[in-house]
Amino acid sequence: MTPGAAQPSISWFHGHSRAFVKIQDGCNMECAYCVIPAVRPKLSCKPYDNLRHEVENLLAQGYVEIVLCGIRLGRYMSADGAGKRVDFVSMLERLTRIPGDFRIRLSSLEITDVGDRLIAVMANSTGRLCPSLHVPLQSGSAWVLKRMQRWYSAAFYKRRINALKNVLPHVGLFTDIMVGFPGENQARFKESLDLIKEIEFSGLHVFRYSQRAKTPAARYEGQIPEKEISARASEMRRLDHDLRAAFAARAVGSRRRVVAELSGREALTEDFLTVKLEKEINQGFHNVQVLKTDGPLLWAQVSSTAQ
Ligand code: SF4
């Protein structure tokens, strides 16, 4: 935690099953397209004891899925009341040991935070940590990544994902991908398409590059025309649909432990698939049997209120 920095304090809720807890704020990296370092350059983290109390309170109120959020979540660093250092992975280890029936989901993590310790904690958490990660890639082109001032290469990204999938082969794996970054020609765009297919993500969040004042990329040569950016975004979204449908298809026939979404007719699996149900369910955990898919959506039958 940065001494004296404001602590992230926001929590927000989705229905009565899922609570989003902001545990970290700010970013001191320098991605060429991003305004956040200019407006929130200091990293700040919620002190561990405050975080633990907040999670315990939410569980006491009946929330069963706690989503940990932050701009650089993996940079979480704090101390407990006894002054003992609590880094990101030890924070997760401690939270997963809180008694009760609940699960923890991580919102978004950078690839350099997907270390072997994190993978081991996920694998050993017996479902307490959702087997689902959102890890921004942004581009599959080494040239574009460097120009974006991202701090990893496509090859490094692939190596870490291989390490993750070696231990958790069925992990839900989602990513952010940006299209139309200045200088991204067709060959470099194709490198992104190829890497995404090779990695077999479970789904993509597709972003169109847009010029932001005061960012280095706004002054770069090679700005891509809007029409071309739209065409690439459409192609990437078609790929996203196919990846999500393929990931969903692998779930048919399985039993899943889901939490109700807002309507009560939809629910969320551990690995971040949306499930449509034939009848409304209450908040909390439910076991469902997955019957069929409709594109990226699953249709399932409630088999029991989970225990
Ligand atoms: S894109 Fe993310 S990592 Fe990069 S500067 Fe912005 S907030 Fe930081």
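From a predicted model like this one, the values you see are computed outputs, not experimental measurements.

*Asks:* Just to check I follow, could you spell out the sheet that holds strand E10 (residues 172–179) for this structure?
*Replies:* Reading across the sheet, the 3 strands line up as E9-E10-E11 and stay open at both edges, with parallel pairing between neighbours. Bordering the open sheet on either side are strand E9 (132–134) and strand E11 (203–208), each of which pairs with just one other strand. Each strand axis lies, on average, 15 degrees off the axis of its neighbour in the sheet, ignoring direction. Where E10 and E11 come together, 6 bridges link them in parallel fashion. Looking across to E11, one finds that Val-179 is bridged to Arg-208. Relative to the sheet, helix H8 (residues 226–249) contacts E10 and E11, its axis offset from that of E11 by approximately 170 degrees.

*Asks:* What is the right way to read the domain arrangement of the chain from this model?
*Replies:* Often the size quoted for an interface is simply the accessible area lost on bringing the parts together. Domain annotation for the chain reports domain 1 (1–126), domain 2 (131–250) and domain 3 (255–304). In this structure, domain 1 and domain 3 have C-alpha centres spaced 26 Å apart. At the interface, 10 residues of domain 1 touch 8 residues of domain 3. Tallied by class, the residues present in the side of domain 1 that touches domain 3 amount to 1 nonpolar, 5 polar and 4 charged.

*Asks:* Just to check I follow, could you spell out the nonpolar core for this structure?
*Replies:* Most often, soluble globular proteins have nonpolar side chains that are buried together. By size, the foremost hydrophobic cluster in this structure holds 73 residues, and its most contacted members are Ile-66, Ala-267 and Val-275. At 5 residues, E10 tops the list of elements feeding residues into this core.

*Asks:* What exactly am I supposed to notice about the environment of Pro-131 here?
*Replies:* Along the chain, Pro-131 falls in the loop between helix H4 (116–123) and E9. Taking C-alpha positions, Pro-131 is 6.3 Å from Gly-172, a pair spaced 41 residues apart along the chain. In contact with Pro-131, other than residues within four places in its own chain, are Met-122, Leu-168, His-170, Val-171, Gly-172, Glu-270 and Asp-271.

*Asks:* Explain the environment of Arg-128 here, please?
*Replies:* Secondary-structure assignment places Arg-128 in the loop between H4 and E9. Residue class for Arg-128 comes out partly exposed when judged on the 18 C-beta atoms lying within 10 Å of it. Apart from residues no more than four positions distant in its own chain, Arg-128 is found in contact with Thr-96, Arg-103 and Ile-104.

*Asks:* What exactly am I supposed to notice about the site of the ligand here?
*Replies:* All residues in the neighbourhood of the ligand are listed as Cys-27, Met-29, Cys-31, Cys-34, Ile-36, Pro-37 and Ile-71. Of the residues belonging to the shell around the ligand, the class tally is 7 nonpolar, no polar and no charged.

*Asks:* Sorry if this is basic, but what is going on with unusual backbone geometry here?
*Replies:* Note: most peptide bonds trans; most residues except glycine with negative phi. Although it is not a glycine, Thr-126 adopts a positive phi angle of roughly 45 degrees. Relative to the helices and strands, Thr-126 resides in the loop between H4 and E9. Not every positive phi belongs to a glycine, and Gln-138 is a case in point at roughly 75 degrees. Counting through the fold element by element, Gln-138 comes out in the loop between E9 and helix H5 (142–147).

Rules used in this analysis
- Residues numbered from 1 in each chain as written.
- Predicted model: local features only at pLDDT ≥ 70, side-chain atom pairs only at ≥ 80, totals over all residues.
- Pairing = 2+ DSSP bridges.
- Helix = DSSP H or I, 4+ residues; strand = E, 2+ residues; numbered from the N terminus.
- Axes fitted to C-alpha atoms, helices over the stretch in contact; angles between N-to-C directions.
- Contact = placed C-beta atoms within 7 Å.
- Domains from an automatic or database assignment.
- Nonpolar A, V, L, I, M, F, W, Y, C, P; charged D, E, K, R; others polar.
- Core = buried A, V, L, I, M, F, W, Y, C linked by C-beta atoms within 7 Å.
- Buried ≥ 20, exposed ≤ 12 C-beta atoms within 10 Å, placed from the backbone.
- Near = placed C-beta within 6 Å.

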